[in-house]
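Structural description and commentary
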Amino acid sequence: MPPASTKAAATNASADTRLSPGAPGYRRTSLALFAAGLAAFALLYSTQALLPAISAEFGATASAASWTVSAATGALALCVLPLSALSERFGRRAMMTASLTVAVAVALLVPLAPNLESLIALRALQGAALAGLPASAMAYLAEEVRPKALIAAIGLFVAGNSIGGMSGRIVTGWVAQMWGWRAGLAAVGLTSLLCAVAFRALLPKARHFTPGPLNPKVLVGAVRTHLSDPLLVRLYVIGALFMTVFGAVYTVIGYRLVEAPFSLPQGVIGSIFLVYLVGTVASAAAGKLVGRLGRRGALYLAVSTTAAGLLLSLSDSLAAVLAGLVLITAGFFAGHAVASSSVSRTAKTARAQASALYQSAYYLGSSAGGTLGAIAFHAGGWAGTVLIGLVAVLGVVSVTLYGSHSARVAARRPQLAATCN
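Residues numbered from 1 in each chain as written. Predicted model: local features only at pLDDT ≥ 70, side-chain atom pairs only at ≥ 80, totals over all residues. Heavy atoms only, no water.

Concerning the side chain of Thr97
The condition that has to hold: Secondary structure elements follow DSSP: runs of H or I of four or more residues count as helices, runs of E of two or more count as strands, with numbering from the N terminus. The contact criterion used throughout is that any non-hydrogen atoms of two residues lie within 4.5 Å.
Relative to the assigned elements, Thr97 resides in helix 6 (residues 92–107). Beyond its immediate stretch of four places on either side in the chain, Thr97 contacts Phe199 and Arg200.

Overview of unusual backbone geometry
Selection criterion: Per-residue accessibility, obtained with a 1.4 Å probe over protein chains only, is compared with the maximum for each type, and a residue is labelled buried under 20%, exposed over 50%, and partly exposed between these values.
Going from Ala260 to Pro261, the amide bond is cis rather than trans, its omega being 10°. The topology assignment puts Pro261 in the loop between helix 12 (230–258) and helix 13 (266–271). Positive phi, close to 50°, is recorded for Ser263, a residue that is not glycine. Position of Ser263 relative to the elements: it lies in the loop between helix 12 and helix 13. Under the relative-accessibility criterion, Ser263 is labelled partly exposed at 48%.

Structural notes on the side chain of Thr68
Worth spelling out the cut-off: Polar contact criterion, stated in full: a pair of N or O atoms within 3.5 Å, where within protein one must be able to donate a hydrogen and the other to accept it, and residues adjacent in sequence count only if both atoms are side-chain atoms.
Relative to the assigned elements, Thr68 resides in helix 5 (residues 67–90). A polar contact is formed between the side chain of Thr68 and the side chain of Thr47, at a distance of 3.0 Å. A distance of 2.8 Å separates the side chain of Thr68 from the backbone oxygen of Ala65, its partner in a polar contact. Residues within four places of Thr68 in sequence aside, it is in contact with Thr47, Leu51, Leu116, Leu119, Ile120 and Arg123.

Describing the nonpolar core
How we decide: The term nonpolar core refers to a set of buried residues drawn from Ala, Val, Leu, Ile, Met, Phe, Trp, Tyr and Cys, joined through side-chain atoms within 4.5 Å.
Counting residues in hydrophobic clusters, the biggest one holds 109 residues, and the most contacted among them are Leu33 and Tyr250. Take this core: its biggest share by element is 16 residues, from helix 12. Judged by nonpolar contacts, the second largest core, of 12 residues, contains Leu50, Val110, Leu122 and Ala176.

With respect to the environment of Thr305
Residue placement: Thr305 occurs in helix 15 (residues 286–312). Leave out the neighbours within four places in its chain, and Thr305 touches Leu327, Ile328, Ala330 and Gly331.

Quick notes on the confidence of the model for the chain
Heads up, the condition is: The quantity known as pLDDT measures the predictor's confidence residue by residue, on a range of 0 to 100.
This prediction gives the chain a mean pLDDT of 84; 90% of its residues lie at or above 70. Averaged pLDDT values over the elements of the chain bottom out at 45 in helix 1 (residues 4–15) and peak at 96 in helix 7 (residues 116–130). Throughout residues 4–14 the model reports pLDDT below 50, and contacts reaching past four residues in sequence, or to other chains, amount to 3 contacts.

A look at the environment of Val321
Along the chain, the position of Val321 falls in helix 16 (residues 318–346). Of the residues examined, Val321 reaches a relative accessible area of 1% and is grouped as buried. Sequence separation between Val321 and Ile253 is 68 residues; the distance between their C-alpha atoms is 9.7 Å. If we skip the residues at most four places from it in the chain, Val321 touches Ile253, Arg256, Leu257, Phe262, Ser313 and Ser315.

Observations regarding the packing of helix 3 (residues 51–58) against helix 12
When two helices pack together, their arrangement is given by the angle between the helix axes and by the axis-to-axis distance. What counts here: Angles run from 0 to 180 degrees between N-to-C directions of axes, and those axes are lines fitted to C-alpha atoms, restricted for helices to the stretch in contact. Under this scheme an angle from 65 to 115 degrees is roughly perpendicular, one under 35 degrees roughly parallel, and one over 145 degrees roughly antiparallel; angles in between are oblique. Just so you know the grouping, Ala, Val, Leu, Ile, Met, Phe, Trp, Tyr, Cys and Pro go in nonpolar, Asp, Glu, Lys and Arg go in charged, and all remaining residues, Gly too, go in polar.
Running from N to C, helix 3 and helix 12 point in directions that differ by 70°, and their axes come no closer than 8 Å. For the element pair helix 3 / helix 12, the angle class is roughly perpendicular. Judged by residue contacts, Leu51, Pro52 and Ser55 of helix 3 engage Thr251, Gly254 and Tyr255 from helix 12. Residues belonging to the contact of helix 3 with helix 12 are distributed by class as follows: 3 nonpolar, 3 polar and no charged.

So, helix 15
Threshold: One fewer than the residue count of a helix, multiplied by 1.5 Å, yields its expected span. In this analysis the local bend is the angle between axes fitted, respectively, to the seven residues ending at and the seven residues starting at the residue.
Here helix 15 spans only 24 Å end to end across 27 residues, well under the 39 Å set by a 1.5 Å rise per residue. In the structure, helix 15 departs most strongly from a straight axis at Leu293, where the bend amounts to approximately 110°. Among the residues making up helix 15, those that are buried are Ala286, Ala298, Leu299, Ala302, Val303, Thr305, Thr306, Ala307, Gly309 and Leu310.

Some words on the packing of aromatic side chains
Two measures describe an aromatic ring pair: the distance that separates the ring centres and the angle between the ring planes. The following threshold applies: Only Phe, Tyr and Trp rings are paired, with Trp represented by its six-membered ring, and only when their centres lie within 6.5 Å; those with planes under 30 degrees apart are stacked, over 60 edge-to-face, the remainder tilted.
Scanning the model with the defined rule gives 11 aromatic pairs in all. Judged by centre distance (5.8 Å) and plane angle (65°), the rings of Phe58 and Trp181 are edge-to-face. With Phe58 in helix 3 and Trp181 in helix 10 (residues 181–202), this residue pair connects regions lying 123 residues apart in the sequence. For Phe58, a relative accessible area of 23% corresponds to the partly exposed category. For Trp181, a relative accessible area of 4% puts it in the buried group. Ring geometry for Phe332 and Phe333: centres 4.8 Å apart, planes at 70°, overall edge-to-face. Overall, the relative accessible area of 1% leaves Phe332 in the buried class. Take Phe333: its relative accessible area is 0%, and that puts it in the buried class.

Looking at the packing of helix 2 (residues 24–44) against helix 6
Spelled out, the test is: Throughout, a crossing is termed right-handed when the near helix is turned clockwise from the far one, and left-handed when it is turned anticlockwise from it by less than a right angle.
For the pair helix 2 and helix 6, interaxial distance at closest approach is 11 Å and the crossing angle is 35°. Seen along the crossing, helix 2 lies across helix 6 with a hand that is left-handed. Contacts from Leu33, Ala36, Ala39 and Leu43 of helix 2 reach helix 6 at Met96, Leu100, Ala103, Val104 and Ala107. Residue classes in the contact of helix 2 with helix 6 are distributed as 9 nonpolar, no polar and no charged.

Set out below in structure tokens:
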């Protein structure tokens, strides 16, 4: 006869009505959030591949044009926490739907911007609208999916981010080469509209969401609780630093490739973002990496891969630059998937706020990376941008090493207490 503990575990597992692979709603949920992630990243970074063309039309420097990206990610970072609080009251599904609806509506206005200032303002509004999606999506998955399947489910959402970022840049690049950058942005807006419709049609209603009151004191208390957790804080910093690298590299890469010795046309530069497919694979494989190497081991591997890519990209060989982008992309998406899923598993209460804080740090890192990377490129060329990335990578290593040290110290304490007693 099996022991009572085994029977209890089996009973609890069978009583768990949350989704798992093979369950009827699991595939629909995965596809819906994949579509949402695709639309969100396509919209959020829609101007990134077009920065050289935007600079040319408005007579703007790289650092000025980069604000069409940084304004969107910065506004998202600032709005994600209050909108996540609204999702606690009105539901994750309703918040995600509203976010995509407003963001797509703004996307249809962005191509009409008469000057750089209005373009930046519209992009900031778009980023603020998108703020309701990422944290709500993470919280929805944490509530509706069984813990053992959570990393894989979040990995698919992040994979949608990578494909959205890739397809958005490719579409804008080739459309812009033929009809101009405004047409490129319009094409992304229409594509995202289709994704939003698919998301709403596919996503099942939440079965495990319990609405809470809109209480600022509760929100402040939840934020204080999460920021007092050393592990969560380290994960927030890691997410921000990874995104600093990614924001710097992909904001500036178009300027590098349009100049000598490469001198690539806009459409080809957009196609460079096909390397995002590597991010899709890396995100989906994050769960297996954690299973084999542990969370810290997976982060060390992601950091090493990113650093190797940064150094390789210094070459004047196009093949070497592309190989470097592949490694940077793989390392970034693996690290992001590990860190973001760890936040969802670590937070036991107010998961939406825990995810929102991660997203705030993550997108602040993107804004900082895009702006600093452009300034460094203006001052020192591509080597300056790579230096920004390497400093951020060193930061990830330092935080992870500190986490390992803290875990060893915490493990010794019970032994020392037992010895003293």
